[in-house]
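Each chain is listed here by its residues.
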Amino acid sequence: MNLEINHDFAGFYMITLSLLFVWNLVDFFLVWQGIKKDNLKKLVNFLEQN
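Rules of the game
- Residues numbered from 1 in each chain as written.
- Predicted model: local features only at pLDDT ≥ 70, side-chain atom pairs only at ≥ 80, totals over all residues.
- Heavy atoms only, no water.
- Helix = DSSP H or I, 4+ residues; strand = E, 2+ residues; numbered from the N terminus.
- Rg over C-alpha atoms; globule rule 2.2 N^0.38 Å.
- Buried < 20%, exposed > 50% of the residue type's maximum accessible area, 1.4 Å probe, protein only.
- Areas by Shrake-Rupley, 256 points an atom, 1.4 Å probe, with all protein chains shown as cover.
- Lys, Arg positive; Asp, Glu negative; His and termini not counted.
- Charge placed at Lys NZ, Arg CZ, Asp CG, Glu CD.
- Patch = residues over 30% accessible without salt bridge, like charges linked within 9 Å, V, L, I, M, F, W, Y side chains within 5 Å.
- Salt bridge = Lys/Arg side-chain N within 4 Å of Asp/Glu carboxyl O.
- UniProt positions renumbered as here; feature names shortened; annotations may be inferred.
- Phe/Tyr/Trp six-rings, centres within 6.5 Å; stacked < 30°, edge-to-face > 60°.
- Lys NZ or Arg CZ within 6 Å of the ring centre and 35° of its normal.

This part takes up the overall build of the protein chain. Check the secondary structure of the protein chain and you find one helix and zero strands. The C-alpha radius of gyration of the protein chain comes to 22 Å, more than 25% above the 10 Å expected for a compact globule of 50 residues. When its C-alpha atoms are laid out on the principal axes, the protein chain stretches across 70 × 20 × 5 Å. Looking at the protein chain residue by residue over its 50 residues, the buried ones come to 0%. Accessible surface, the protein chain: about 5,300 Å² in total, of which carbon and sulfur atoms supply 69%. Computed over 4 positive and 5 negative side-chain charges, the inter-centroid distance for the protein chain is 20 Å.

On the surface, Phe21, Val22, Leu25, Val26, Phe29, Leu30 and Trp32 cluster together into a nonpolar patch covering about 710 Å² of accessible area. Relative to the helices and strands, Val26 resides in helix α1 (residues 7–49).

What follows deals with the environment of Leu47. Structurally, Leu47 can be placed in helix α1. Spatially, the C-alpha atoms of Leu47 and Ala10 are 56 Å apart, while their sequence positions differ by 37 residues.

All right, on to the UniProt feature "transmembrane region" (unreviewed entry) in the protein chain then. This chain's UniProt record puts "transmembrane region" (unreviewed entry) on residues 12–32. Secondary structure content for residues 12–32 is 100% helix and 0% strand, while the C-alpha to C-alpha distance between its ends is 30 Å.

Scanning the entire structure with this criterion turns up three aromatic pairs. Centre to centre, the rings of Phe12 and Tyr13 are 5.9 Å apart; their planes meet at 55°, and the pair counts as tilted. Accessibility expressed as a relative area gives 52% for Phe12, which makes it exposed. According to the relative accessible area criterion, Tyr13 is partly exposed, its value standing at 49%. With centroids separated by 6.2 Å and ring planes inclined at 50°, the aromatic side chains of Phe29 and Trp32 adopt a geometry described as tilted. One end of the pair is Phe29 and the other is Trp32, both in helix α1 and three residues apart, which spans about a single turn. Given the relative accessible area of 42%, Trp32 is considered partly exposed. Each residue in the set Phe9, Phe12 and Tyr13 is aromatic and connected to the rest through ring pairs, giving one cluster. Residue placement shows Lys36 over the ring face of Trp32; its charged tip is 4.4 Å from the ring centre.

This is how it looks when you write it as structure tokens:
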């Protein structure tokens, strides 16, 4: 079994994986912020009704 690494594409793969990792972090942060805002709106609406 011959497992050679094509070094021409190694940098491309590393950049792609790095961008996907950063994208995941940003997405996680944005979702977390959105959930906090939605929960605050629900709480305010609940408190206004009572």
